[in-house]
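Results of the structural survey
Listed below are the residues making up each chain.
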Amino acid sequence: MRKTIAAAALALAAFAVAHVAAAAEPVWQEPGWYVVADTIVGPFVWTGPYADQPACEAQKPANEEDADYACEFLNERPSWDE
């Protein structure tokens, strides 16, 4: 059980570090369709913008144990993405 918890914590930490490194600049640039990752630490803009919902859906990764992905139209950068 401890191994499972430690492995999950390590995976989540690696996921968070990878996103922080990739998010040196915000992903949100202008109104449009974005892939949003919903994680245990909260949501954040993953990729985008895309011209329309089908283009966004085509780029959306499969859900993972630590993140669920959805396409959302964002008029402005959400406060939870800062």
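So, here's what we can say about the structure. Since this is a predicted model, take the numbers as computed values, not measurements.

Re the overall build of the protein chain
Of regular secondary structure, the protein chain possesses two helices and three strands. Expressed as a percentage of the 82 residues in the protein chain, the buried residues total 28%. Long-range contacts, defined as pairs at least 24 residues apart, comprise 55% of the intrachain contacts of the protein chain with a sequence gap of at least 6. For the protein chain, the computed accessible surface area is about 5,600 Å², with 57% contributed by carbon and sulfur atoms.

Focus: the state of the cysteines
Throughout this description, disulfide means a covalent bond between two cysteine sulfur atoms. Enumeration over the complete set of coordinates arrives at one disulfide. Disulfide partner of Cys56: Cys71, at an S-S distance of 2.2 Å. Since a negative S-S torsion denotes a left-handed disulfide, the Cys56-Cys71 link at about -100° is left-handed. Of this pair, Cys56 sits in helix α2 (residues 53-59) while Cys71 sits in strand β3 (residues 67-74); the two residues are 15 residues apart in sequence, bridging distant segments of the chain. Judged by its relative accessible area of 12%, Cys71 falls in the buried class.

Re the nonpolar core
Trp33, Val35, Ala37, Phe44, Tyr50, Cys56, Ala67, Tyr69 and Cys71 together form the largest nonpolar core, which totals nine residues. Where this core is concerned, the elements lending two or more residues are β1 (32-39), β2 (42-50) and β3. Apart from residues lying up to four places away in sequence, Tyr50 is in contact with Gly32, Trp33, Val35, Ala55, Cys56 and Gln59. Counting six residues, the second-largest nonpolar core is a separate cluster that includes Val27, Val36, Val45 and Leu74.

With respect to the packing of aromatic side chains
One pair of aromatic rings is described through two measures. These are the centre distance and the angle between the planes. Scanning the entire structure with this criterion turns up four aromatic pairs. Here Trp28 and Tyr34 contribute two aromatic rings whose centre-to-centre distance is 6.4 Å and whose plane-to-plane angle is 25°, an arrangement assigned as stacked. Residues Trp28 and Tyr34 agree in their burial class; the two are buried. Arranged with centres 5.7 Å apart and planes meeting at 75°, the rings of Trp33 and Phe73 form a pair that is edge-to-face. Placement of Trp33 in strand β1 and of Phe73 in strand β3 is noted, with a sequence separation of 40 residues between them. You can call Phe73 partly exposed: its relative accessible area is 42%. Clustering of aromatic rings is evident, with ring pairs tying together Phe44, Trp46 and Tyr69.

Conventions adopted
- Residues numbered from 1 in each chain as written.
- Predicted model: local features only at pLDDT ≥ 70, side-chain atom pairs only at ≥ 80, totals over all residues.
- Heavy atoms only, no water.
- Helix = DSSP H or I, 4+ residues; strand = E, 2+ residues; numbered from the N terminus.
- Buried < 20%, exposed > 50% of the residue type's maximum accessible area, 1.4 Å probe, protein only.
- Contact = heavy atoms within 4.5 Å.
- Areas by Shrake-Rupley, 256 points an atom, 1.4 Å probe, with all protein chains shown as cover.
- Disulfide = S-S within 2.5 Å.
- Core = buried A, V, L, I, M, F, W, Y, C linked by side-chain atoms within 4.5 Å.
- Phe/Tyr/Trp six-rings, centres within 6.5 Å; stacked < 30°, edge-to-face > 60°.

Nothing here speaks to function; it is geometry throughout.
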